[in-house]
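Coordinate inspection notes
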Amino acid sequence: MSQQSLEQRIDRLESIEEIRQLAGRYSLSLDMRDIDAHVGLFAPDIRVGRGKTGREHLKAWVDDTLRDQFTGTSHHVGQHIIEFVDADHAIGVVYSKNEHETGPEWVIMQMLYWDDYERVDGRWYFRRRLPCYWYATDLNKPPIGDMKMRWPGREPYEGTFHELFPSWKAFWSQRPDPEQLPEVAAPASLETFLQTMRGDTAAPKIRVR
């Protein structure tokens, strides 16, 4: 193994660990309402929407969202898959199981984040987090059936938990012939597992408030 390849492998391992720390720091800073620490996890020129960029705009948006919707929150990070696009860019999927005190109801949620990461001046940041929700419902009301996003005081709506992955609709569209063995695609490479699963599926429109 050449010295250069050894350095690259060490850099990749250190990058994976730094990116994993982003997800944990995101949850802790959000739940403890340390908004400065929270927005510092995003790239300095983060796009907030409607022509707004920068951590100042993100801080205003996050503060408004947390102050008006929830008394308290707890985000529990699950599995985290990371793939590199190049030395300074990566993508990832993070599962998250969350709890929210929302007025008279205790709302539980299951979701995943599709992340884009970027290394800027030697440090990894979120370039984008795409929150894809499966359900949100009062602790005592199982989210059976359609329209699983059930926030108090709002009309229920569908989340986007499965929309990035075409396999969900393909699986339910047709049952295989039980008389024939199914075809099996070649395994995706370790470096393109997420990209292979998503394919060219565009990001869905996410309702975050």
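Residues numbered from 1 in each chain as written. Predicted model: local features only at pLDDT ≥ 70, side-chain atom pairs only at ≥ 80, totals over all residues. Heavy atoms only, no water.

In this section: the environment of Met147. Counting through the fold element by element, Met147 comes out in the loop between strand S6 (123-138) and helix H4 (167-173). Sequence-wise, Met147 and Asp86 are 61 residues apart; in three dimensions their C-alpha atoms are separated by 38 Å. When sequence neighbours within four positions are dropped, the list of residues in contact with Met147 reads Pro156, Tyr157 and Glu158. (Helix = DSSP H or I, 4+ residues; strand = E, 2+ residues; numbered from the N terminus. Contact = heavy atoms within 4.5 Å.)

Right, let's get into a nonpolar patch on the surface. Taken together, the side chains of Ile81, Phe193 and Met197 make up a nonpolar region of the molecular surface, amounting to roughly 240 Å² of accessible area. With relative accessibility at 34%, the residue Met197 sits in the partly exposed group. (Patch = residues over 30% accessible without salt bridge, like charges linked within 9 Å, V, L, I, M, F, W, Y side chains within 5 Å. Areas by Shrake-Rupley, 256 points an atom, 1.4 Å probe, with all protein chains shown as cover. Salt bridge = Lys/Arg side-chain N within 4 Å of Asp/Glu carboxyl O. Buried < 20%, exposed > 50% of the residue type's maximum accessible area, 1.4 Å probe, protein only.)

On to the pairing of strand S5 (residues 105-120), then. In terms of residue burial, S5 counts as a mostly covered element, since 13 of its 16 residues are buried. For strand S4 (residues 89-102) and S5, the ladder comprises 14 bridges, and the chain directions are antiparallel. From the neighbouring strand, Ser96 faces S5, where its bridge partner is Met111. Between S4 and S5, which pair antiparallel one after the other, the connecting turn spans two residues, and Gly103 there sits at a positive phi close to 60°. Pairing of S5 with S6, which is carried by 14 bridges, proceeds in the antiparallel orientation. Counted as the bridge partner of Trp114 is Leu130 from S6. In this antiparallel pair of consecutive strands, S5 and S6, the connection spans two residues, and Asp121 shows a positive phi of 50°. (Pairing = 2+ DSSP bridges.)

Roughly 1,200 Å³ of internal volume is contained in the largest pocket. In this structure, the largest pocket is lined by 38 residues; those nearest its centre are Val48, Trp61, Arg129, Pro131 and Val208. Broken down by class, the residue content of the lining of the largest pocket amounts to 21 nonpolar, seven polar and 10 charged. Within this model, the second largest pocket holds a volume of roughly 320 Å³. Along the wall of the second largest pocket there are 18 residues; nearest its centre are Glu158, Gly159, His162, Glu163 and Trp168. (1 Å grid on protein atoms, 1.4 Å probe; cavity = no way out; pocket = protein on both sides within 12 Å on 5 of 7 lines; lining within 4 Å. Points joined across faces, edges and corners; volume = space filled by probe spheres on them. Nonpolar A, V, L, I, M, F, W, Y, C, P; charged D, E, K, R; others polar.)

Bringing the sheet that holds S4 into the picture now. The antiparallel open sheet is built from four strands, whose spatial order is S3-S4-S5-S6. Both outer strands of the open sheet, strand S3 (72-86) and S6, are each paired with one neighbouring strand and no more. Each strand of the sheet is rotated relative to its neighbour by a mean of 15°, with strand direction disregarded. Of the strand pairs in this sheet, S3 and S4 are connected by 12 bridges, and their pairing is antiparallel. In the sheet register, Phe84 faces S4, and the bridge partner there is Ala90. (Axes fitted to C-alpha atoms, helices over the stretch in contact; angles between N-to-C directions.)

None of this, on its own, says anything about what the molecule does.
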